[in-house]
Amino acid sequence: MTQRLGIIGYPIGHSISPVFQQAALDHLGIDATYEKWEVTPEGVGEFVAGLRAPDSLGINITVPHKQAVIPFLDEVDEWATAAGAVNTIVNREGHLSGHNTDGPGFLRALLVETGYDPTGTRALILGAGGAARGILLALVRGGVGSLVIANRTLERAQTLAQLSEDNGVTAEAVSLSGDDLTQAAASADLIVNCTTVGMSHGPDEHGSPLAAAQIPASAIVNDVVYNPMQTPLIREAAAAGATALGGLHMLVYQGVLSFQMWTGQDAPVDVMLAAAMKEMASRGA
Ligand SMILES: NC(=O)c1ccc[n+]([C@@H]2O[C@H](COP(=O)([O-])OP(=O)(O)OC[C@H]3O[C@@H](n4cnc5c(N)ncnc54)[C@H](OP(=O)(O)O)[C@@H]3O)[C@@H](O)[C@H]2O)c1
């Protein structure tokens, strides 16, 4: 029996997960297909119930359904509970468990690609939306020493700083412009962009939240924006002599961890990364 996998979202047309997940399945000769399904908010419960079928291995979940699926699951793991969001559902003989591989995928991508270990480091998070929240929790769980959260809307940065403090990590909230940001960047070991600044078709697609002069050469800069692959911030980081990593790696590594949960096999990471890069290039990114 051919097994089924896929991703749900609303809309879902942009997702490249089918490309690199199918490449991994084919590479290992696993008899399964990975599709994308557009599911309306009203249809989430019925769709998730259908995942208990014997031919379903599970799914990925993207915006806006990461919270909405939770009431329909039998079990939710520690990462997903902490994040308040599920990006992976696994079906084991009709029992549905919810997981979140976004945070672990972010940490794994940084470790493998740059050698970054959060333990005791100073991190600057730019942005305070959904991605920033998940990444903050991943850094906190990874043992980060201290955090600065910079956001256009200061109150949202303050909410995340409080979340960090509640989890025992010193944190400060600053505005996304001005001296406080420059100072925070100057002493950061890791800078992560979780704003949509620099994203294709976004609100400020040619902008960079930091200029090269504000980025220390010793820093690791991770832009979680993956379209385009070379964002303005990545270019500024390279000009500063810093280590720069784009968002495609995080995207692929969250998929790598999901793949391993569904199949019980080691994912062919290089095959998945190559397929993702080829797809982005074919889309002109
Ligand atoms: N690589 C991956 O695997 C991965 C995973 C998740 C997300 N992402 C990417 O991460 C980015 C953020 O996603 P999200 O889900 O966190 O979005 P979100 O919840 O909508 O948050 C958007 C963030 O961007 C800020 N922002 C928006 N327009 C801005 C502007 N013109 N100037 C300055 N700041 C601005 C917002 O600030 P305010 O609070 O002031 O509005 C907020 O902090 C997206 O590009 C997404 O594709 C990548």
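Residues numbered from 1 in each chain as written. Predicted model: local features only at pLDDT ≥ 70, side-chain atom pairs only at ≥ 80, totals over all residues. Heavy atoms only, no water.

**What to know about the overall build of the protein**
Put simply, the rule reads: Note on conventions: DSSP H or I runs of at least 4 residues are helices, E runs of at least 2 residues are strands, and numbering of each starts at the N terminus. As a reference, a globule follows 2.2 Å times the number of residues to the power 0.38, and the radius of gyration itself is taken over C-alpha atoms. With a 1.4 Å probe rolled over the protein chains alone, any residue whose accessible area is under 20% of its type maximum counts as buried; one over 50% counts as exposed, and the rest are partly exposed. Here, two residues are considered to be in contact whenever any of their heavy atoms come within 4.5 Å of each other. Per-residue accessibility takes into account occlusion by the displayed protein chains alone, with areas from the Shrake-Rupley method and a 1.4 Å probe.
On a plain count of helices and strands, the protein comes out with 10 helices and 12 strands. Whereas a compact globule of 285 residues would reach a radius of gyration of roughly 19 Å, the protein reaches 19 Å, a difference of no more than 12%. Counting only C-alpha atoms and orienting by the principal axes, one finds that the protein spans roughly 60 × 40 × 35 Å. Counting all 285 residues of the protein, 52% fall into the buried class. Taking the contacts inside the protein whose residues are at least 6 apart along the sequence as the reference set, 68% of them involve residues at least 24 apart. Summed over all atoms, the accessible surface of the protein reaches about 12200 Å², with 51% contributed by carbon and sulfur.

**Focus on the domain arrangement of the protein**
Applicable threshold: An automatic or database domain assignment supplies the start and end points of every domain. Simply put, the buried area is the total loss of 1.4 Å probe accessible area from both parts when two parts are fitted together. When a carboxyl oxygen of Asp or Glu is within 4 Å of a side-chain nitrogen of Lys or Arg, the pair counts as a salt bridge. Any pair of nitrogen or oxygen atoms within 3.5 Å is treated as a polar contact; in protein, a donor-acceptor pairing is required on top of that, and neighbouring residues in sequence qualify only through side-chain atoms on both sides.
Each assigned domain of the protein is listed here: domain 1 (3-100 + 250-282) and domain 2 (103-246). Here the C-alpha centroids of domain 1 and domain 2 sit 26 Å apart. Carbon and sulfur atoms make up 70% of the area that domain 1 and domain 2 hide from each other, which totals about 1500 Å². In terms of surface lost to domain 2, no three residues of domain 1 exceed Trp79, Met250 and Tyr253, which account for 45% of the buried area on that side. For the pair domain 1 and domain 2, the interface holds one salt bridge. For the pair domain 1 and domain 2, the number of links is three residue pairs in polar contact (both at pLDDT 80 or more). Elements with a minimum of two residues in the side of domain 1 that touches domain 2: α3 (78-83), α9 (248-263) and α10 (269-282). With five residues, the single largest contributor to the side of domain 1 that touches domain 2 is α9.

**Comments concerning the site of the ligand**
Stated formally: Summary of the distance rule: residues count as near a molecule or strand when at least one heavy atom falls within 4 Å of that molecule or strand. Three classes are used: nonpolar for Ala, Val, Leu, Ile, Met, Phe, Trp, Tyr, Cys and Pro, charged for Asp, Glu, Lys and Arg, and polar for all others, with Gly counted as polar.
Near the ligand lie 22 residues; those nearest to it are Ala131, Asn151, Arg152, Thr153 and Arg156. Here an oxygen atom of the ligand and a backbone polar atom of Ala131 are 2.8 Å apart. Arg152 has a polar side-chain atom sitting 2.9 Å from an oxygen atom of the ligand. Considered on its own, the ligand offers 920 Å² of accessible surface; in the complex 77% of this is hidden by protein. Mapped onto the shell around the ligand, the elements with two or more residues apiece are α5 (130-141) and α9. Here the shell around the ligand is composed, by residue class, of 12 nonpolar, eight polar and two charged.

**Observations concerning the environment of Leu139**
Mapped onto the elements, Leu139 comes out in helix α5. Given the relative accessible area of 0%, Leu139 is considered buried.

**Some thoughts on the sheet that holds strand β9 (residues 170-175)**
Remark on secondary structure: sheet strands pair via backbone hydrogen bonds, oriented parallel or antiparallel. The cut-off we apply is this: One requirement defines pairing of two strands: DSSP has to find at least two bridges between them. Only C-alpha atoms enter the line fits that serve as axes; for helices the fit covers just the stretch in contact. Angles between N-to-C directions range over 0 to 180 degrees.
Strand order in this open sheet of six strands is β9-β8-β7-β10-β11-β12, and the pairing throughout is parallel. The sheet terminates laterally at β9 and β12 (243-245), the two strands that pair on one side only. Going from strand to strand, the sheet's axes swing by 15° on average, the running direction of each strand aside. As paired elements, strand β8 (residues 146-151) and β9 share six bridges and run parallel to each other. Across the sheet, Val148 pairs through a bridge with Glu172, a residue of β9. Sheet contacts for helix α4 (residues 102-114): β10 (190-193), β11 (220-223) and β12; angle to β12, the most-contacted strand, approximately 135°.

**Points about the sheet that holds strand β5 (residues 88-92)**
Within the open sheet, the six strands sit side by side as β2-β1-β3-β5-β6-β4. Their pairing is mixed. Every other strand in the sheet has two partners, leaving β2 (32-38) and β4 (75-76) as the edge strands with one partner each. As defined by bridge partners, strand β3 (residues 58-61) adjoins β5 across three bridges and the pair is classed as antiparallel. Bridged to Asn60 within β5 is Thr88. Of the strands in this sheet, β1 (3-9), β2 and β3 are in contact with helix α1 (residues 17-28), which crosses β2 at around 170°. Where α9 meets the sheet, it contacts β1, β2, β3, β5 and β6 (95-99), and its direction lies at approximately 10° from that of β5.

**A few points about the nonpolar core**
Short version of the rule: The set of buried Ala, Val, Leu, Ile, Met, Phe, Trp, Tyr and Cys residues whose side-chain atoms join them within 4.5 Å is what this entry labels a nonpolar core.
Counting 31 residues, the largest nonpolar core has Phe106, Leu139, Leu147 and Ile149 as its most contacted members. Mapped onto this core, the elements with two or more residues apiece are α4, β7 (122-126), α5, β8, α6 (154-166) and β10. Top contributing element to this core by residue count: α5, with seven residues. Sequence-distant contacts of Leu139, that is, excluding residues within four places in its chain, are made with Phe106, Leu107, Tyr116, Pro118, Ala123, Ile125, Val144, Leu147 and Leu190. Counting residues in each nonpolar core, the second largest holds 28 residues, with Tyr253, Val256, Ala267 and Met272 among its members.

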